[in-house]
Amino acid sequence: MIEETLLEAEEKMEKAVLVAKEDFASIRTGRPGPATFNRLVAEYYGTMTPINQLASFQVPEPRMVVISPFDKGSTQAIEKAIRESDLGVNPANDGNVIRVVFPDLSEERRKEYVKVVRTKAEDGKVSIRNVRRHAKDTLDKAVKAGDIGEDEGRRAQDELEELTHKYVAGIDELLKHKESELLEV
């Protein structure tokens, strides 16, 4: 009972850290890459589809990404999705490929990205705390029902706290790394 609850909580906390890591990867620093487009979706035959499933990406120059749609019919939808995104770029479509040139990051834009990264990190921490609260409730109910003893319940809650601190520290470490990456010129 205790092991199952703690294992489930740990798995969910790991997923929260992975989601935060993916969110951080989608925020560009100096050099854009395919990960920059991971969270963008375009309407493709009536279905919202991630752009990375509709096209291939190449980075021929440090500030340019060339997007080659697999289906030429999706070119307009991909271009629209990029234009309407928060990337702050204007894609150029020549009918076959879409070229996206990223401007150099200004100091102001870097600071905006740091704010976005901090928000995403806080979201990750909140989801970890929610997992902790849910697991703690499960343990409390087990103690009340008499399924486990109070001492066992207290030890399990201490373990749960350690797990929570470990994964929150993991998100803090990712945040620190991404902030330094964003602020270096």
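Everything numeric in this text was worked out from a predicted model, so none of it was measured. Residue indices begin from 1 for each chain and proceed along its sequence in written order. Confidence filtering applies because this is a predicted model: local features only for residues at pLDDT of at least 70, side-chain atom pairs given and counted only at 80 or more, and all residues used for totals across whole chains, interfaces and linings. Water and hydrogen atoms play no part in the side-chain values, which are based on all heavy atoms of the structure.

Draft legend 1. The arrangement of the pairing of strand E3 (residues 55-61) in detail. Alignment of E3 against strand E4 (residues 64-69), held across five bridges, turns out to be antiparallel. Counterpart to Glu61 in the pairing with E4 is Met64. Being paired, for any two strands, means DSSP has found at least two bridges between them. Helix and strand assignments follow DSSP, with helices taken as H or I runs no shorter than four residues and strands as E runs no shorter than two, numbered in order from the N terminus. Between E3 and E4, which pair antiparallel one after the other, the connecting turn spans two residues.

Draft legend 2. Examining unusual backbone geometry more closely. A positive phi angle is found at Tyr45, which is not glycine, with a value near 50°. Mapping Tyr45 onto the fold places it in the loop between strand E1 (41-44) and strand E2 (47-50).

Draft legend 3. Molecular detail of the domain arrangement of the protein. For the protein, the domain assignment lists domain 1 (1-27 + 106-183) and domain 2 (34-101). Just the C-alpha atoms count here: the centres of domain 1 and domain 2 sit 33 Å apart. The partner domain 2 presents six residues to the four residues of domain 1 that form the contact. Two parts placed together each lose some accessible area under a 1.4 Å probe, and the buried area is that loss summed for both. Its largest share of buried area at the contact with domain 2, domain 1 owes to Ala25, Ser26 and Arg109, together 79% of the area lost on that side. In the sections that follow, a salt bridge refers to a side-chain nitrogen of Lys or Arg positioned within 4 Å of a carboxyl oxygen of Asp or Glu. Linking domain 1 with domain 2 are zero salt bridges. Pairing of N or O atoms within 3.5 Å defines a polar contact, subject to two protein rules: one partner must be a possible hydrogen donor and the other a possible acceptor, and residues neighboring in sequence count only if both atoms are side-chain atoms. Counting the contacts that link domain 1 with domain 2 gives zero residue pairs in polar contact (both at pLDDT 80 or more). In terms of residue class, the side of domain 1 that touches domain 2 is made up of two nonpolar, one polar and one charged. A domain assignment, automatic or from a database, supplies the domain bounds used here. Note on contacts: a residue pair is in contact if any heavy atoms of the two residues lie within 4.5 Å. Nonpolar residues are Ala, Val, Leu, Ile, Met, Phe, Trp, Tyr, Cys and Pro. Charged residues are Asp, Glu, Lys and Arg, and all others, Gly as well, are polar.

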